[in-house]
Amino acid sequence: MKRLKQMMIFAAIVEAGSISAAGEQLSLSKSVISQNLKDLEHALGVILLKRTTRKLSLTDAGNRFYLQCKEINLIASNAWEQAQTFLNEPKGRLRITAPNALMETLVTPVIAELFKRYPDLKPELISADEQLDFMEHDIDLAIRVGRSSDSSLTQKRIGSFKDVLCGMPEFAGQQLGSLSYIANVWQGKKVSHTFVKENKEVQQFSTEAQCITNSFYSCISLLKAGAGIGVVPDFYLSQFADELVAVNSELILPSNPVFAMHPYGKNQPLNVRVCIEAITEQLTKLVAQSTH
């Protein structure tokens with residue numbers, strides 16, 4: 001890094017025509033410029049500039065060296081400009097992971113719209129109900145239910161939704177304990193729910209799952225087939241109005257917070273920021289629709 005800095009300073013001296021002028025351009029003192037030139041010549045073992053009290057002139061070695069320094073500076077300048085184009089418009093790869101239920105109804109509609117608006121955006125979507133490791137899977141953004149214990153991630157709450165204990169219409173009003181329970185793998189074998197009624201009365205319900213699946217879509221299929229009851233996000237349930245209903249509309253589950261997570265700290269890429277904003281808006285819209 002030190003050598004590259006000295007090469008940049010040397011090129012600036014040549015192009016500015018003097019050590020003083022180069023110092024003004026680089027906001028460095030004349031003594032700092034002179035010392036860097038001296039150190040560079042010492043490291044190379046050759047004289048790059050012939051110096052008099054009035055002017056500087058390149059030696060043959062200095063001229064050849066300057067041409068290479070100029071090329072390096074041009075490459076660096078182009079790299080800087082290309083990197084800054086990512087500040088102007090979302091572009092390039094964006095790898096997102098989310099649980100199956102959130103991916104289908106929350107993330108993919110947003111990505112479809114962003115992709116139309118920004119054709120240089122290259123989204124990669126990973127649907128996974130398990131929490132994937134950011135580094136191992138090279139993830140840019142994760143949408144997850146609940147806060148992560150990983151302190152290295154920047155986490156922003158973007159909204160919330162409620163699960164609904166549901167099943168086929170004929171199960172409505174029946175005793176919960178008399179119905180088979182279909183669980184997602186993250187719920188485990190022993191399932192417990194805390195319901196809050198509209199009058200603020202709290203009711204506990206515990207049971208043992210008769211069937212466990214690691215696929216959200218398998219869970220939905222089992223519920224639609226009448227295998228039992230299980231939880232489905234309120235915004236997702238609305239699309240099955242004639243097939244799945246709340247088994248007891250008076251029993252309300254608590255809200256589930258949804259977080260957007262990324263590994264970029266405060267310097268999040270434009271891709272990530274734009275995507276988070278759009279997903280937040282989509283979640284707000286979905287939850288509002290499910291309450292009507």
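Predicted, not measured: the structure shown is a model, and the values here were computed from it. (Residues numbered from 1 in each chain as written. Predicted model: local features only at pLDDT ≥ 70, side-chain atom pairs only at ≥ 80, totals over all residues. Heavy atoms only, no water.)

**Overview of the packing of aromatic side chains**
Here is the rule we go by: Two rings from Phe, Tyr or Trp (for Trp, the six-membered ring) form a pair when their centres are within 6.5 Å of each other. A pair whose planes differ by under 30 degrees is stacked, one over 60 is edge-to-face, and the rest are tilted. Note on classification: 1.4 Å probe, protein chains only; a residue is buried when its accessible area is under 20% of the maximum for its type, exposed when over 50%, partly exposed between these limits.
Scanning the model with the defined rule gives five aromatic pairs in all. Ring centres of F216 and Y217 lie 5.7 Å apart, and the angle between their planes is 70°; this geometry places the pair in the edge-to-face category. Among the residues examined, F216 registers a relative accessible area of 5% and is labelled buried. With a centroid separation of 5.6 Å and an interplanar angle of 50°, the aromatic rings of Y236 and F240 are classed as tilted. For the pair shown, Y236 and F240 are each scored as buried.

**Regarding the nonpolar core**
How we decide: Nonpolar core, defined: a set of buried Ala, Val, Leu, Ile, Met, Phe, Trp, Tyr and Cys residues in which side-chain atoms within 4.5 Å join the residues together. Strands are runs of DSSP state E lasting at least two residues, helices are runs of H or I lasting at least four, and both sets are numbered from the N terminus onward. Note on contacts: a residue pair qualifies if any of its non-hydrogen atoms lie within 4.5 Å across the two residues.
Counting residues in hydrophobic clusters, the biggest one holds 40 residues, and the most contacted among them are L141, I143 and I279. Among the elements of the structure, β3 (92-98), α5 (100-117), β5 (141-145), β6 (154-167), α7 (216-224), α8 (234-237), β13 (255-262) and α9 (270-290) are those that each provide at least two residues to this core. The residues touching L141, leaving out its near neighbours within four places in the chain, are R95, I96, T97, F134, A260, M261, V272, C275, I276 and I279.

**A word on the domain arrangement of the protein**
The cut-off we apply is this: Each domain span listed reflects an automatic or database assignment of domains.
For the protein, the assigned domains are domain 1 (1-83) and domain 2 (161-255). The distance between the C-alpha centroids of domain 1 and domain 2 comes to 71 Å.

**Topic: the layout of surface pockets**
Quick note on the threshold: In the cavity and pocket records, a cavity denotes points on a 1 Å grid over the protein atoms alone where a 1.4 Å probe fits but cannot get out, a pocket denotes an open set with protein on both sides within 12 Å along at least 5 of 7 lines, and lining residues are residues with an atom within 4 Å of a point. Grid points are joined across faces, edges and corners, and a volume is the space filled by probe spheres set on the points. Following the grouping adopted for this structure description, the nonpolar residues are Ala, Val, Leu, Ile, Met, Phe, Trp, Tyr, Cys and Pro, the charged ones are Asp, Glu, Lys and Arg, and the polar ones are all others, Gly among them.
For the largest pocket, the calculated volume is near 420 Å³. Forming the boundary of the largest pocket are 22 residues, of which P99, D129, V145, F161 and W186 lie nearest the centre. Only β3, α5, β5, β6 and β11 (230-233) provide two or more residues apiece to the lining of the largest pocket. When residues of the lining of the largest pocket are assigned to their parent elements, the largest contribution, four residues, is made by β5. Partitioned by chemical class, the residues of the lining of the largest pocket number 14 nonpolar, four polar and four charged. Space inside the second largest pocket adds up to approximately 360 Å³. If you trace the second largest pocket, you find 19 residues lining it, with D163, V164, D234, L237 and A246 closest to the centre. Secondary-structure elements contributing two or more residues to the lining of the second largest pocket are β6, α8 and α9. Partitioned by chemical class, the residues of the lining of the second largest pocket number 10 nonpolar, six polar and three charged.

**Here's the deal with the pattern of salt bridges**
Convention followed: Salt bridges are identified by distance alone: a Lys or Arg side-chain nitrogen within 4 Å of an Asp or Glu carboxyl oxygen.
For the structure shown, the criterion picks out seven salt bridges. The shortest N-O distance in the salt bridge between R93 and D140 comes to 3.0 Å. Of this pair, R93 sits in strand β3 while D140 sits in the loop between α6 (134-137) and β5, and the two are 47 residues apart along the sequence. Using a relative accessible area of 30% as the deciding quantity, one classes R93 as partly exposed. Looking at D140, the relative accessible area reads 7%, which means it is buried.

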